[in-house]
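Okay, here's what each chain looks like letter by letter:
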Amino acid sequence: MHLLRDRGYTHPVPSEITPRSVYLSRRRWMAAGAAALGTAGAALLSAPAGAQGTPRPGRLAPLPATRSSVAGAVVMDRPTPYADITSYNNFYEFGTDKADPARHAGSLKTRPWTVQVEGEVARPGTFDIEALLRLAPMEERIYRLRCVEGWSMVVPWVGYSLSELIRRVEPTGNAKFVQFVTLADRKQMPGLSSSVLDWPYVEALRLDEAMHPLAMLAFGLYGEVLPNQNGAPLRLVVPWKYGFKSGKSIVRIRFVDKQPKTSWELAAPHEYGFYSNVNPNVDHPRWGQSTERRIGEDGLFARKRPTLMFNGYEPQVGPLYAGMDLRKFF
Ligand SMILES: Nc1nc2c(c(=O)[nH]1)N[C@H]1C(S)=C(S)[C@@H](COP(=O)(O)O)O[C@H]1N2
Ligand SMILES: [Mo]
């Protein structure tokens with residue numbers, strides 16, 4: 001793990017893709033960790049390939065769910081092992097190194113937890129996490145998550161469509177955008193002492209994007225509640241957009257009439273636009289976006305995968321952007 005740490009991140013924005021040598025070192029470290037942990041550790045590192053009906057890692061509270069019937073909600077790609085999903089994270093509130101969230105997010109207190117819903121809605125209010133867990137039936141969805149840095153994972157999330165919550169608060173005719181504000185607590189989050197981003201981390205969607213059934217509020221993965229490093233106790237997952245649109249540890253949802261600024265736009269406006277749809281044809285100014293490295297697949301002979309338009313969700317979400325110039329609205 002110290003090999004990752006020694007990489008010396010100094011960038012104010014996401015780094016390039018992890019060099020292969022560093023990543024191979026990480027694999028060796030994980031293998032060594034498995035050996036040290038004995039069979040339990042080894043089982044954890046080769047976590048279930050399927051999701052529903054396969055053994056859970058069994059470390060956190062179970063969060064039962066039934067397989068989603070939403071169109072496109074279950075991709076056929078093999079899910080990324082639990083150990084990878086929970087140890088290679090971006091959650092800058094806990095540091096900018098991929099290993100930092102797993103190392104430091106243990107201090108995050110996820111109870112009590114409330115989400116304030118406000119702005120252009122007929123029924124604003126404060127939702128307790130326990131009420132949110134009961135708001136709609138829990139579904140398992142197997143989504144791709146692609147980071148703008150060029151890596152991707154396949155995650156069996158547990159949660160429900162964000163539209164379930166939106167419908168209940170009744171947006172007014174003035175609600176055009178939905179802003180998501182995540183927790184910013186210096187006492188719990190060592191990364192806030194860095195000025196890498198403006199805190200709190202904020203993200204936003206157009207209302208119709210937020211209402212799309214694939215936009216998900218996630219409370220768990222692999223049949224258990226979310227580990228802190230993955231955004232406990234609840235986060236957004238917007239599978240056709242780059243990972244950074246999927247804000248973690250949400251505390252406030254605000255309905256507004258004007259397009260809000262997001263943390264990444266504020267940090268680097270020429271690199272990160274509002275829409276941030278996965279688009280292999282629009283390069284990041286400092287690197288290409290046409291291929292990706294699937295976490296957990298990078299052996300000596302692993303090939304990069306082609307990145308798909310809208311991360312492969314074009315049949316479902318393409319119509320949301322009909323007629324838009326996606327180079328202008330990147
Ligand atoms: N609050 C918060 N949410 C966040 C981030 C963050 O730094 N802080 N990083 C984003 C980025 S860049 C990615 S790629 C995904 C990563 O999610 P994962 O750790 O579950 O893979 O979370 C997103 N949500
Ligand atoms: Mo990301």
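Here's a quick rundown of the structure. All of these numbers come straight from a predicted model, not from anything done at the bench.

Parameters at a glance
- Residues numbered from 1 in each chain as written.
- Chains lettered and ligands numbered in written order.
- Predicted model: local features only at pLDDT ≥ 70, side-chain atom pairs only at ≥ 80, totals over all residues.
- Heavy atoms only, no water.
- Helix = DSSP H or I, 4+ residues; strand = E, 2+ residues; numbered from the N terminus.
- Buried < 20%, exposed > 50% of the residue type's maximum accessible area, 1.4 Å probe, protein only.
- Areas by Shrake-Rupley, 256 points an atom, 1.4 Å probe, with all protein chains shown as cover.
- Near = heavy atom within 4 Å.
- Polar contact = N/O pair within 3.5 Å; in protein donor to acceptor, adjacent residues only side chain to side chain.
- Nonpolar A, V, L, I, M, F, W, Y, C, P; charged D, E, K, R; others polar.
- Salt bridge = Lys/Arg side-chain N within 4 Å of Asp/Glu carboxyl O.
- Pairing = 2+ DSSP bridges.
- Phe/Tyr/Trp six-rings, centres within 6.5 Å; stacked < 30°, edge-to-face > 60°.

**Observations concerning the overall build of the protein chain**
Next up, step 1: Within the protein chain one finds 10 helices and 13 strands.
Next up, step 2: Taken across its 330 residues, the protein chain has 57% of its residues classed as buried.
Next up, step 3: A total accessible area of about 13,900 Å² is found for the protein chain, and carbon and sulfur atoms account for 56% of it.

**Topic: the site of ligand 1**
Next up, step 1: With respect to spatial proximity, 17 residues lie near ligand 1, and among them Asn89, Tyr92, Glu93, Arg235 and Lys248 are the closest.
Next up, step 2: Measuring from an oxygen atom of ligand 1, one finds a backbone N or O atom of Tyr92 at 2.7 Å.
Next up, step 3: In this structure, Arg235 approaches ligand 1 through a side-chain N or O atom, which is 2.6 Å from an oxygen atom.
Next up, step 4: Considered on its own, ligand 1 offers 530 Å² of accessible surface; in the complex 99% of this is hidden by protein.
Next up, step 5: Along the lines of polarity and charge, the residues of the shell around ligand 1 split into 7 nonpolar, 7 polar and 3 charged.

**As for the pattern of salt bridges**
Next up, step 1: Under the defined criterion, the tally for this structure stands at 20 salt bridges.
Next up, step 2: A salt bridge links Lys187 to Asp185, with the shortest nitrogen-to-oxygen separation between them at 3.8 Å.
Next up, step 3: The exposure class of Lys187 is exposed, given its relative accessible area of 78%.
Next up, step 4: With a relative accessible area of 18%, Asp185 lands in the buried category.
Next up, step 5: Several salt bridges converge on common partners, so that one network encompasses Asp77, Arg144, Arg146, Glu292, Arg294, Glu297 and Arg305.

**Comments concerning the pairing of strand 8 (residues 216-221)**
Next up, step 1: Among the 6 residues in strand 8, 6 count as buried, and that is most of the element.
Next up, step 2: Both strand 5 (residues 151-161) and strand 8 contribute to a ladder of 5 bridges, which runs antiparallel. What sits directly across from Ser161, in strand 8, is Met216.
Next up, step 3: Direction of pairing for strand 8 relative to strand 10 (residues 235-237): antiparallel, over a ladder of 3 bridges. Of the residues in strand 10, the one forming a bridge with Leu217 is Leu236.
Next up, step 4: Relative to strand 9 (residues 224-225), strand 8 runs antiparallel, the two being bridged by 2 bridges. In the sheet register, Gly220 faces strand 9, and the bridge partner there is Val225.
Next up, step 5: Linking strand 8 to strand 9, which pair antiparallel, is a turn of 2 residues; within it Tyr222 sits at a positive phi near 50°.

**Focus on the packing of aromatic side chains**
Next up, step 1: In total, this model carries 15 aromatic pairs according to the counting rule given.
Next up, step 2: An angle of 75° between the planes, with centres 5.3 Å apart, marks the rings of Phe244 and Tyr272 as edge-to-face. Of this pair, Phe244 sits in the loop between strand 10 and strand 11 (250-256) while Tyr272 sits in the loop between helix 9 (263-267) and strand 12 (291-294), and the two are 28 residues apart along the sequence. There is no split in this pair, since Phe244 and Tyr272 are both buried.
Next up, step 3: Measuring from ring centre to ring centre gives 5.2 Å for Phe274 and Tyr275, while their planes differ by 80°; the resulting arrangement is edge-to-face.

**Observations regarding the pairing of strand 4 (residues 139-146)**
Next up, step 1: With respect to burial, strand 4 is a largely interior element, 8 of its 8 residues being buried.
Next up, step 2: Covered by surrounding structure in strand 4 are Glu139, Arg141, Tyr143 and Leu145 together with Glu140, Ile142, Arg144 and Arg146, the residues of both alternating faces.
Next up, step 3: Where strand 1 (residues 66-67) meets strand 4, 2 bridges bridge the pair, whose relative direction is parallel. For Thr66, the partnering residue across the bridge sits in strand 4 and is Glu139.

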